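Residues per chain are reported as follows:
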Amino acid sequence: MGRRERKKAATRQSLADAALRLFTERGYDEVGVREIADAADVSVTTLFKHFPDGKEALVFDQDVDREAALVAAVRERPADLTVPQALHRMLLGAHSRTVHADPGFDDFLRLIDTTPALREYARRMWLRHEHALAAAIADDAGLAADDPGCRALAHFALEAPVLVRGTQDPDAALARVFDLLDNGWPGTRTG
């Protein structure tokens, strides 16, 4: 990475860090973009150059690599893993790395969970990768890019982290969701 790219990345990170700090201290709705720009020592114009989607995007600054990771989980998975198993492993690993590497992750999740605009933005952001993931799944299976089964698998795999957040044991809940995606609903009732 050249000097200019490093400087852009540092500015972007500075803005995201300032926004998250201010949001967790005072609440998302109580902080304006001018305050964030001032805290990062840049202009509001510079803030919008880095985050054209607005204030919500400042909270989710690492979305750029997410789509590539999802597609790679399908295309580069070991031969003994099904697509749902590979996606489960990727999502579980990403969650585990974030939780253990970032002591403020609980505050981050609390901010999202208590701010309707951020909850909706997070959902839209995550689901916008659905098309690329469905295409990778279809390509892997030798099916048409618009195959409804591939689209459904991509959709439900991307919804899984949202569904399990706030459960007593999110890892077990995620495993349950991906078991269902991999094996289907049992045909008979138990008990």
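So, how was this worked out
Residues numbered from 1 in each chain as written. Predicted model: local features only at pLDDT ≥ 70, side-chain atom pairs only at ≥ 80, totals over all residues. Heavy atoms only, no water. Salt bridge = Lys/Arg side-chain N within 4 Å of Asp/Glu carboxyl O. Helix = DSSP H or I, 4+ residues; strand = E, 2+ residues; numbered from the N terminus. Buried < 20%, exposed > 50% of the residue type's maximum accessible area, 1.4 Å probe, protein only. Contact = heavy atoms within 4.5 Å.

Right, let's get into the pattern of salt bridges. Scanning the model with the defined rule gives five salt bridges in all. Here Arg 21 ties to Glu 25 by a salt bridge, and the two come within 3.8 Å at their closest N and O atoms. Of this pair, Arg 21 and Glu 25 are both found in helix 1 (residues 3–26), four residues apart, which corresponds to roughly one turn of the helix. By relative accessible area, Arg 21 is classed as partly exposed at 39%. Of the charged contacts in the structure, one is a salt bridge between Asp 107 and Arg 110, with a shortest N-O distance of 2.6 Å. Placement of the pair is Asp 107 and Arg 110 together in helix 6 (residues 105–113), with a separation of three residues, close to one helical turn. The exposure class assigned to Arg 110 is partly exposed, which follows from its relative accessible area of 48%.

Mapped onto the fold, Glu 159 is located in helix 9 (residues 148–164). Excluding residues that lie within four positions of it along the chain, Glu 159 makes contacts with Arg 123, Trp 126 and Leu 127.

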